[in-house]
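Listed here are the chains, written in short residue letters.
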Amino acid sequence: MASGVKPRVKVPKKAAAGDTITIKTLISHKMESGQRKDKEGNVIPRSIINRFTCDFNGENVIDVQLEPAISTNPYFEFEALVPEAGEFKFTWYDDDGSVYDTTKKIEIG
Amino acid sequence: MKKLTGAILATVFTTTLASAEPVDDTLILNEETPIVTRTAAPAHLSDALDEVLSGWLFRGTETRAMQSDDFDNPGMIFVEQAMEAWETADGTAGKSCSSCHNEIESMAGVKPTYPKWDENAGSVQTLQMQMNECRTERMGAEAWGYDKGPAINMEAALSSVSRGMPVNVAIDGPAQSAWEQGKELYYTRTGQLELSCANCHEDNYGNMIRADHLSQGQINGFPVYRLKNTKLNGAHSRFKGCIRDTRAETYAPGSDEFIALELYVASRGNGLSVEGPSIRN
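Numbers given for residues are sequential positions, taken from 1 along each chain in its written order. Here chains are named by letter from A upward and ligands by number from 1 upward, in the order in which they appear as written. Selection of residues for local features in this predicted model requires a pLDDT of at least 70, selection of side-chain atom pairs for listing and counting requires 80 or more, and totals for whole chains, interfaces and linings are taken over all residues. Hydrogens and water molecules were not included; the side-chain quantities draw on all heavy atoms of the structure.

J.: Just checking my understanding: could you explain the packing of aromatic side chains for this structure?
T.: For any pair of aromatic rings, the description rests on two quantities: the centre-to-centre distance and the angle between the ring planes. Aromatic pairing here means that ring centres of Phe, Tyr or Trp (its six-membered ring) are within 6.5 Å. Orientation follows from the plane angle: under 30 degrees is stacked, over 60 is edge-to-face, and everything else is tilted. Under the definition given, this model contains 13 aromatic pairs over all chains. The interplanar angle of 50 degrees and the centroid separation of 6.4 Å between the aromatic rings of Tyr75(A) and Phe71(B) together place this pair among those described as tilted. With Tyr75(A) in strand S6 (residues 75-82) and Phe71(B) in the loop between helix H2 (61-68) and helix H3 (75-87), this residue pair bridges two chains. The buried label goes to any residue with under 20% of its type's maximum accessible area, the exposed label to any with over 50%, and the partly exposed label to all in between, with areas taken from a 1.4 Å probe on protein chains only. The exposure class assigned to Tyr75(A) is partly exposed, which follows from its relative accessible area of 32%. Accessibility expressed as a relative area gives 10% for Phe71(B), which makes it buried. Comment: elements are numbered from the N terminus, with helices defined as DSSP H or I runs of at least four residues and strands as E runs of at least two.

If you want it as structure tokens, here you go:
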């Protein structure tokens, strides 16, 4: 498992029903491309986050496939429509099979 | 028509040149902490400069915006790692930083005064040297390598709790001789290119150096997250990079020369806010 992986998410605590909000996410990850070689000339194996998803109350908001060219600590900023109070669920999928997730609640008001 | 094209070309040309100038912008951190990025030069510098300018003013719109919000600032990832280290016991004494210093927020106001004279050591100490003194003498832990990951992250964490406070290093009293040595180094031409720090950062800030903008070389934003190497960088490592670029043999991070130079360069930014971890190219 890649070390030092920690997801971070910024979601407003409140929004009006039907509002579009901005969500920022970042996961600390080394995103080793698999193209580099170490001092002995051996290829450093690829180890990246290959997929990121965000769901709101079970409905998919965004589903991203990541490629090796994406740099360390991948950051996503996107907008989402909030029809009702609920919970955003963010999930990152690692090459090594690890799955990291975090959730954020949002209220209507 | 030809004349008109000429006029347009001239406009394009002058704007391109002008774009190396510092921007007219203000930095408010997380929409609450105002950061002083432009202020009157400290008295000792008044012969050379009227105004001192943070490197933030010489960066692009996106880079400046990145630094204004802690979530967007990738340097804060390393600060978070150091915050964990702050709470984690290390060494034979079984102590962590927080065993003596409590919350890291209590260290607000420390970073702006470093490097400073240390009576016990009988020399000027940088913040990283002070950290290592704690580690080796009070924690029974191994000293961190100068400007290496754990050290630079901790320096950034200590800097982050002092953001917004003015840099205020003492240059008189026992620190004066080191400060004089640093000043000497600042104005000494080095390398095959025979460039001193001042040739670029005092005489030519606001001009282009190849494809980049020359800043005043202030270190109020250190440690700095550089987009080119995606990690935090220390002032000594930056000095080394600059001196290397003059095609000279450089001093080592943590050397007496760089300690003196850090003191002198920090004093050139007395009055600017502590910004670290800042974001630069």
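J.: Explanation requested: the nonpolar core in the structure shown.
T.: Counting 26 residues, the largest nonpolar core has Ile219(B), Phe239(B), Leu261(B) and Leu263(B) as its most contacted members. Breaking this core down by element, the ones donating at least two residues are helix H7 (176-186), helix H9 (235-245) and helix H10 (256-268) of chain B. Broken down by element, this core gets its largest block of residues, seven residues, from H10(B). What makes two residues a contact is simply this: any of their non-hydrogen atoms within 4.5 Å. Dropping the residues within four chain positions of it, Phe239(B) is found in contact with Ile219(B), Phe258(B), Leu261(B), Glu262(B) and Val265(B). The definition of a nonpolar core used throughout is a set of buried Ala, Val, Leu, Ile, Met, Phe, Trp, Tyr and Cys residues joined through side-chain atoms within 4.5 Å. By size, the runner-up hydrophobic cluster in this structure holds 25 residues, among which are Leu26(A), Met76(B), Met131(B) and Ile279(B).

J.: Please explain the interface of chain A and chain B as it appears in this structure.
T.: As a measure of interface size, the accessible area lost when the parts come together is often cited. Taken together, the contact pairs eleven residues of chain A with ten residues of chain B. Only one rule defines a salt bridge in this text: a Lys or Arg side-chain nitrogen within 4 Å of an Asp or Glu carboxyl oxygen. Inspection of the chain A/chain B interface yields five salt bridges. For the salt bridge of Lys10(A) with Asp69(B), the shortest nitrogen-to-oxygen distance reads 3.0 Å. We call two N or O atoms a polar contact when they sit within 3.5 Å, provided that within protein one can donate a hydrogen and the other can accept it, with sequence-adjacent residues counted only if both atoms are side-chain atoms. Where chain A packs against chain B, one counts six residue pairs in polar contact (both at pLDDT 80 or more). Among the elements of the structure, strand S1 (6-10) and strand S3 (19-28) of chain A are those that each provide at least two residues to the side of chain A that touches chain B. Residues were grouped as follows: Ala, Val, Leu, Ile, Met, Phe, Trp, Tyr, Cys and Pro as nonpolar; Asp, Glu, Lys and Arg as charged; and all remaining residues, including Gly, as polar. Counted by class, the side of chain A that touches chain B contains three nonpolar, four polar and four charged residues.

J.: Just to check I follow, could you spell out the sheet that holds strand S2 (residues 14-15) of chain A for this structure?
T.: Either a parallel or an antiparallel arrangement is found when strands of a sheet pair, and the pairing is made through backbone hydrogen bonds. Residue and element names in this part refer to chain A. Strand order across the open sheet formed by five strands is S2-S8-S7-S4-S5, with mixed pairing between neighbours. On the outer flanks of this sheet lie S2 and strand S5 (59-65), each paired with one strand and no other. Note: two strands are recorded as paired if DSSP finds a minimum of 2 bridges between them. Summarising the sheet, S2 and strand S8 (residues 99-108) pair through two bridges and their orientation is parallel. Within S8, the position partnered with Lys-14 by the bridge is Glu-107.

J.: How should empty space enclosed by the protein be read in this particular structure?
T.: If a probe as big as a water molecule is rolled over the atoms, it shows which places are left empty. All names here are of chain B. Only protein atoms enter the calculation, which uses a 1 Å grid: trapped sets of points that fit a 1.4 Å probe without letting it out are cavities, open sets showing protein on both sides within 12 Å along at least five of seven lines are pockets, and any residue with an atom within 4 Å of a point is a lining residue. Grid points are joined across faces, edges and corners, and a volume is the space filled by probe spheres set on the points. Going through the model one piece at a time under the given rule, you end up with one cavity of 30 Å³ or more. If you add up the space inside the largest cavity, you get close to 180 Å³. As for the largest cavity, its lining consists of 19 residues, of which Lys-111, Tyr-114, Glu-155, Ile-219 and Glu-262 are closest to the centre. Listed by contribution, the elements that provide at least two residues to the lining of the largest cavity are helix H5 (127-139), H9 and H10.

J.: Please explain the pattern of salt bridges as it appears in this structure.
T.: Where charged atoms from two side chains of opposite charge come close, those side chains can pair. According to the stated counting rule, one finds 19 salt bridges over all chains in the structure shown. For Asp212(B), the salt bridge goes to Arg59(B), with nearest N and O atoms at 2.7 Å. Pair noted here: Asp212(B) is in strand S8 (residues 212-213) and Arg59(B) is in the loop between strand S4 (51-53) and H2, with a separation of 153 residues, a long-range link. Exposure remark for Asp212(B): the relative accessible area of 28% places this residue in the partly exposed category. Relative accessible area serves as the criterion here: at 10%, Arg59(B) is assigned to the buried category. When the shortest N-O distance is used, the salt bridge between Lys111(B) and Glu155(B) registers 3.8 Å. Within this pair, whereas Lys111(B) is found in the loop between helix H4 (97-101) and strand S5 (116-118), its partner Glu155(B) is found in helix H6 (residues 149-160), the two being separated by 44 residues in sequence. With relative accessibility at 11%, the residue Lys111(B) sits in the buried group. For Glu155(B), a relative accessible area of 7% gives the class buried. Linked by salt bridges that have partners in common, Lys10(A), Lys24(A), Asp69(B) and Asp72(B) make up one network.

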